[in-house]
Amino acid sequence: MLTDITLKKNIRTFSVSPENLTGEKGRGGMAESGSASYAARELGQGWKVNPYIVLPAGEKAVLADIKGQGAVKHFWITDSAQRGRLLILRIYFDGCETPAVEAPLSDFFANADYSEYRQLSSLAICVNPRRGLNCYFEMPYFKGFRFEIENIGPKACNIYYQIDCEEKEIPKESLYFHAQFRRVNPLPYMENYTILDNITGCGQYVGTYMNWGVKSNGWWGEGEIKFFIDGDGKFPSICGTGTEDYFCGAYNFDVNGKYTEFTTPYSGMYKVGRTDELYQAQRYFNLYRWHITDPIYFKENLKVTIQALGWRSEGRYLPLMDDISSVAYWYSDNLSDVYPKLPDVNGLEII
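Keep in mind the model is a prediction, meaning the values are calculated, not measured. (Residues numbered from 1 in each chain as written. Predicted model: local features only at pLDDT ≥ 70, side-chain atom pairs only at ≥ 80, totals over all residues. Heavy atoms only, no water.)

## Topic: the sheet that holds strand β24 (residues 301-306)
Okay, so step 1: Taken in spatial order, the four strands make up an open sheet running β14-β24-β16-β17, and their pairing is antiparallel. In this open sheet, the two strands that pair with only one neighbour each are β14 (193-200) and β17 (238-239).
Okay, so step 2: Two elements, strand β16 (residues 225-229) and β17, share two bridges in a ladder whose sense is antiparallel. Among the inter-strand pairings, F227 is bridged to a residue of β17, identified as I238. (Pairing = 2+ DSSP bridges. Helix = DSSP H or I, 4+ residues; strand = E, 2+ residues; numbered from the N terminus.)

## Thoughts on the environment of R283
Okay, so step 1: Along the chain, the position of R283 falls in strand β22 (residues 283-290).
Okay, so step 2: A residue is classified by how much of its surface remains accessible, and R283, at 26% relative accessible area, is partly exposed.
Okay, so step 3: Setting aside chain neighbours within four positions, we find R283 in contact with W212, G213, V214, Y259, V272, G273 and T275. (Buried < 20%, exposed > 50% of the residue type's maximum accessible area, 1.4 Å probe, protein only. Contact = heavy atoms within 4.5 Å.)

## Some points on the state of the cysteines
Okay, so step 1: Throughout the structure, instances matching the rule amount to zero disulfides.
Okay, so step 2: As a non-bridged cysteine, C248 has C239 as the owner of its nearest cysteine sulfur, 16 Å distant.
Okay, so step 3: Owing to a relative accessible area of 43%, C248 belongs among the partly exposed residues under this scheme. (Disulfide = S-S within 2.5 Å.)

## Section: the pairing of strand β6 (residues 101-104)
Okay, so step 1: Here four bridges tie strand β5 (residues 87-93) to β6, and the two strands are oriented antiparallel to one another. Its bridge partner being in β6, I91 is matched across the sheet by V101.
Okay, so step 2: Here β6 runs beside strand β13 (residues 176-184); their pairing, made up of two bridges, is parallel. Residue pairing across strands places E102 opposite Q180, the latter belonging to β13.

## Here we look at the nonpolar core
Okay, so step 1: By size, the foremost hydrophobic cluster in this structure holds 59 residues, and its most contacted members are F108 and I163.
Okay, so step 2: Each residue touching F108, except ones within four places of it in the same chain, is listed here: L89, V101, A103, I125, C135, M139, F177, A179, V327 and Y329.
Okay, so step 3: Of all hydrophobic cores here, the second largest spans 33 residues; its members include Y205, I225, L287 and V304. (Core = buried A, V, L, I, M, F, W, Y, C linked by side-chain atoms within 4.5 Å.)

## Considerations on the pairing of strand β21 (residues 267-270)
Okay, so step 1: Of the two faces of β21, the one carrying S267 and M269 and the one carrying G268 and Y270 are both buried.
Okay, so step 2: Relative to β21, strand β20 (residues 262-263) runs antiparallel, the two sharing two bridges. Considered in β21, the bridge of T263 is made with G268.
Okay, so step 3: Taken together, β20 and the strand that follows it, β21, pair antiparallel across an intervening segment of three residues.
Okay, so step 4: Sheet analysis places β21 next to β22, joined by four bridges and oriented antiparallel. Among the inter-strand pairings, G268 is bridged to a residue of β22, identified as Y288.

## Some words on unusual backbone geometry
Okay, so step 1: A cis amide bond, omega -10 degrees, links P129 with the succeeding residue R130.
Okay, so step 2: Turning to its location among the elements, R130 is positioned in the loop between β8 (125-128) and β9 (132-135).
Okay, so step 3: Residue P186 is reached from N185 by a cis peptide bond, and omega for that bond is 0 degrees.
Okay, so step 4: Residues other than glycine seldom take positive phi values, yet N198 does so here, at roughly 60 degrees.
Okay, so step 5: Mapped onto the elements of the fold, N198 is located in strand β14.
Okay, so step 6: Taking the relative accessible area as the measure of exposure, N198 reaches 56% and is therefore exposed.

## As for the packing of aromatic side chains
Okay, so step 1: Evaluation of the coordinates by the stated rule reveals 28 aromatic pairs.
Okay, so step 2: Pairing Y246 with F247 gives two aromatic rings, centres 4.9 Å apart and planes at 75 degrees, and the pair type is edge-to-face.
Okay, so step 3: Classification of F247 by relative accessible area gives buried; the value is 0%.
Okay, so step 4: Aromatic rings pair up to connect F75, F108, F109, F137, Y141, F145, F147, F177, Y288, W290, Y329 and Y331 into one cluster.
Okay, so step 5: Taking NZ or CZ as reference, R41 lies 3.8 Å from the ring centre of Y38, over its face.
Okay, so step 6: The ring of F228 carries K303 above its face, with NZ or CZ at 5.8 Å from the centroid. (Phe/Tyr/Trp six-rings, centres within 6.5 Å; stacked < 30°, edge-to-face > 60°. Lys NZ or Arg CZ within 6 Å of the ring centre and 35° of its normal.)

So, in structure tokens, the structure goes:
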């Protein structure tokens with residue numbers, strides 16, 4: 001906030017990147033050899049010698065492993081080969097061996113298939129030309145954090161990244177950041193899609209990203225989102241009025257007979273797949289909603305579902321069997337929740 005920058009603070013700013021893997025003071029750009037040694041061969045140390053890491057096929061890399069107390073403030077990353085769902089991001093806090101964040105890299109950044117560039121401009125996530133992936137969700141930690149990335153694809157790729165952090169004392173009430181990926185393809189007939197379930201602890205839900213593959217003609221977004229809070233039974237405490245309504249649009253996102261893309265600070269619908277191009281048989285929609293000014297609070301547990309509904313003859317709803325995936329974002333005081341197993345390479349592929 002602009003007013004906050006005028007205050008004196010006891011904070012050490014640091015960042016972790018291939019040029020300073022430990023984030024130590026005065027230790028950046030010291031590599032004498034590295035990924036760009038050939039390009040820097042005439043200039044030597046200090047001249048962009050190690051700006052990226054090479055991640056072989058089938059291997060994992062630790063992007064950062066930091067001890068101390070503070071918060072991650074910004075995370076930027078890009079890859080050399082448009083790997084998208086073939087790169088898996090995991091983030092761990094305070095020595096916990098269960099990841100608080102586990103999602104394909106592209107989906108975490110609200111961009112399931114970034115082979116075709118579209119600008120995404122929001123407060124929490126930005127995708128900038130050509131493939132600059134940025135996350136501004138704050139991630140507090142009391143003892144430390146670890147970022148890992150896994151390449152489940154068949155080829156090596158280069159990873160450029162920077163994790164910007166603040167070393168500081170954080171309030172004891174600070175919550176841990178979480179993000180969880182799910183996909184169902186196809187959604188069984190008359191079954192709700194689950195965005196989040198089996199989440200326990202005290203916290204607040206702060207965002208939803210969905211990649212929605214529509215497999216039928218006509219409008220597909222009549223379904224209602226439902227938040228089951230603190231032991232709700234068959235019926236939820238919060239029930240929306242329609243898919244486009246939840247993502248802060250209205251009337252099918254339709255302006256003059258066409259889907260209209262938008263990216264705003266808190267919500268958006270962008271990068272609509274085209275069906276009028278050769279071999280393109282179905283549409284995919286990217287949708288996001290950040291609950292930054294309107295978090296959904298829970299004290300014990302939380303479940304989030306959404307219906308997939310279209311229209312059939314005689315004005316009747318049609319339960320859809322679409323290809324739906326999502327990332328849920330939330331904060332809580334619990335690091336012990338176990339997430340569903342991620343799909344394999346075939347189960348992640350968008351076709």
